[in-house]
Amino acid sequence: MSLRTGCGAVAPHAQRNEMTDTDDHPHTSELRSFGRRRARSFGPRQQRLWDENLSKFALELTQPTAAQIPPDRDVWLEIGFGGAEHMLWQAEHNPGVTLIGCEPFEDGVVKALGGIEDRGLTNIRLHADDARPLLRWLLDASVARAFILFPDPWPKKKHVKRRLIGTPLLAELARVLKPGAELRIGTDIGDYARTILLAVMPHPAFEWPALGPEDWRIRGDDWPQTRYEQKAVREGRARYYFRFRRKDCVT
Ligand SMILES: C[S@@+](CC[C@H](N)C(=O)[O-])C[C@H]1O[C@@H](n2cnc3c(N)ncnc32)[C@H](O)[C@@H]1O
């Protein structure tokens, strides 16, 4: 038995990586928004990175937030970093910022750990799991920028309810983002782009300072392409790049 995820990938296993409805969060009403946890077995380097390095960078959500996030630096958050290309680029180009990356797909987490080691980065913290408990753990107005790049599209009608971006996630983002913070969202699914706009535009905490089509058609130099986006380009799909702003005050 295999699992077709929102990304369209197929998980080979039928054991712990298989998603069933029982994997939806038992203590909340949240449905699982991601597909497989792991695609293939780790090689020796990947296993070492997982065993020895993850704990050096992982946030401990059972411990107080303030002790783990340096208070004197801007914090940026990337939800669902996939292969980590964008997160590593941002960390390397913004050494004064602490990047928090979260991703439940373990192959992606190991890629991030490899990139951190190869580039000698010290400004990344990881949560190798669902973003929603992490968001609940973060302090109010503590994040200066957030990225959600090409969230799983869940194209089938019966799976649309699993899409990550919606009212509950926006409520948490509105709480953790600082006034004036940017929320960047990219998608290559027109229907998802529409859903995102319909959720964000009426939200009292967010505004969309776009002046014209260039605002959502052009990615910009400080927004490097992700692996998933490269696939969308190859397959000829239009991309939408949204830059929303957390309002200074909520009326
Ligand atoms: C389509 S992939 C895109 C990955 C990457 N951002 C890119 O553009 O290449 C979506 C990613 O979001 C992750 N994801 C889905 N639900 C998530 C959640 N609740 N918390 C954190 N990450 C999630 C998936 O595991 C997957 O890696």
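As a reminder, the structure under discussion sits directly above these lines.
The following refers to the structure shown.

Thresholds applied
- Residues numbered from 1 in each chain as written.
- Predicted model: local features only at pLDDT ≥ 70, side-chain atom pairs only at ≥ 80, totals over all residues.
- Heavy atoms only, no water.
- Phe/Tyr/Trp six-rings, centres within 6.5 Å; stacked < 30°, edge-to-face > 60°.
- Buried < 20%, exposed > 50% of the residue type's maximum accessible area, 1.4 Å probe, protein only.
- Pairing = 2+ DSSP bridges.
- Helix = DSSP H or I, 4+ residues; strand = E, 2+ residues; numbered from the N terminus.
- Contact = heavy atoms within 4.5 Å.
- Axes fitted to C-alpha atoms, helices over the stretch in contact; angles between N-to-C directions.
- Salt bridge = Lys/Arg side-chain N within 4 Å of Asp/Glu carboxyl O.
- Core = buried A, V, L, I, M, F, W, Y, C linked by side-chain atoms within 4.5 Å.
- Parallel < 35°, antiparallel > 145°, perpendicular 65-115°, else oblique.
- Left-handed = near helix turned anticlockwise from the far one by under 90°.
- Nonpolar A, V, L, I, M, F, W, Y, C, P; charged D, E, K, R; others polar.
- Arc of directions from axis to C-beta.
- Polar contact = N/O pair within 3.5 Å; in protein donor to acceptor, adjacent residues only side chain to side chain.

1. Section: the packing of aromatic side chains
Consideration 1: Applying the stated rule across the entire model yields 9 aromatic pairs.
Consideration 2: Arranged with centres 5.7 Å apart and planes meeting at 55°, the rings of Phe42 and Trp50 form a pair that is tilted. Side by side, Phe42 and Trp50 carry an identical accessibility label, which is buried.
Consideration 3: Plain terms: the ring middles of Trp208 and Phe244 are 6.1 Å apart, the flat faces sit at 55° to each other, and that makes the pair tilted.

2. What to know about the sheet that holds strand β4 (residues 97-102)
Consideration 1: Spatial ordering of the open sheet is given by β5-β4-β3-β6-β7-β9-β8, a layout of 7 strands whose pairing is mixed. Each edge of the sheet is formed by a strand with only one pairing partner; in this case those strands are β5 (124-127) and β8 (206-207).
Consideration 2: Helix α5 (residues 167-176) rests against β3 (74-79), β6 (143-149), β7 (177-187), β8 and β9 (240-246) of the sheet, and its axis sits at about 140° to β7.

3. Regarding the pattern of salt bridges
Consideration 1: The full count for this structure, using the stated rule, is 23 salt bridges.
Consideration 2: Through salt bridges that share partners, Glu30, Asp130, Arg132 and Arg136 make up one connected network.

4. Examining the nonpolar core
Consideration 1: Ranked by internal contacts, the top residues of the largest apolar core, which has 34 residues, are Leu77, Ile79, Leu138, Leu173, Leu183 and Phe206.
Consideration 2: Listed by contribution, the elements that provide at least two residues to this core are β3, β4, α4 (131-137), β6, α5, β7, α6 (190-200) and β9.
Consideration 3: No other element matches α5, which puts 5 residues into this core.
Consideration 4: Residues Ala91, Val109, Trp223 and Tyr228 belong to the second largest nonpolar core, which totals 28 residues.

5. Description of the pairing of β9
Within a regular beta strand, the side chains point alternately toward one face of the sheet and then the other, so they alternate between its two faces.
Consideration 1: Sheet topology places β7 next to β9; 6 bridges connect them, and they run antiparallel. Residue pairing in the sheet places Glu182 in a bridge with Arg245 of β9.
Consideration 2: Looking at chain direction, β8 and β9 are connected through 2 bridges and run antiparallel. For Phe206, the partnering residue across the bridge sits in β9 and is Arg246.

6. Some words on the packing of helix α2 (residues 85-93) against helix α3 (residues 106-119)
Consideration 1: α3 packs onto α2 with a crossing angle of 30° between their chain directions and a minimal axis gap of 10 Å. On the basis of the axis angle, α2 is roughly parallel to α3. Handedness of the α2/α3 crossing: right-handed. When α2 is examined against α3, the residues Met87, Leu88, Trp89 and Glu92 are found in contact with a partner set consisting of Lys111, Ala112, Gly115, Ile116 and Arg119.
Consideration 2: Partitioning the contact of α2 with α3 into residue classes produces 5 nonpolar, 1 polar and 3 charged.

7. Re α6
Consideration 1: Residues of α6 that are buried: Tyr192, Ala193, Ile196 and Val200. One side of α6 holds all its buried residues, which, seen down the axis, span an arc of 105°.
Consideration 2: Of the surrounding elements, those touching the buried residues of α6 are α5, β7, β8 and β9.

8. Some points on unusual backbone geometry
Leaving glycine aside, a negative phi is the common case for residues, and trans is the common case for peptide bonds.
Consideration 1: Notably, Ala84 is not glycine yet its phi reads approximately 75°, a positive angle.
Consideration 2: Relative to the helices and strands, Ala84 is located in the loop between β3 and α2.
Consideration 3: Overall, Ala84 belongs to the buried group, its relative accessible area being 0%.
Consideration 4: At Phe150, a position not held by glycine, the phi torsion is positive, near 55°.
Consideration 5: Assignment of secondary structure puts Phe150 in the loop between β6 and α5.

9. Examining the environment of Arg175
Consideration 1: Residue placement: Arg175 occurs in helix α5.
Consideration 2: C-alpha of Arg175 to C-alpha of Leu138: the two residues are 37 residues apart in sequence and 9.1 Å apart in space.
Consideration 3: Aside from chain neighbours lying at most four places away, what touches Arg175 is Leu135, Arg136, Leu138, Leu139, Asp140 and Ala141.
Consideration 4: Polar contacts involving the side chain of Arg175 include one to the main-chain carbonyl oxygen of Leu138, which spans 3.0 Å.

10. Observations concerning the packing of helix α1 (residues 44-57) against α3
Any two packed helices are characterised by the angle at which their axes cross and by the distance between the axes.
Consideration 1: Look at α1 against α3: their axes get within 9 Å of each other, and the N-to-C directions meet at 80°. Taken together, the axes of α1 and α3 are roughly perpendicular relative to one another. Listed contacts from α3 to Arg45, Gln46, Arg48, Leu49, Trp50, Asn53, Leu54 and Phe57 of α1 are Glu106, Val109, Val110, Leu113, Gly114, Ile116, Glu117 and Asp118.
Consideration 2: Counted by class, the contact of α1 with α3 contains 8 nonpolar, 3 polar and 5 charged residues.

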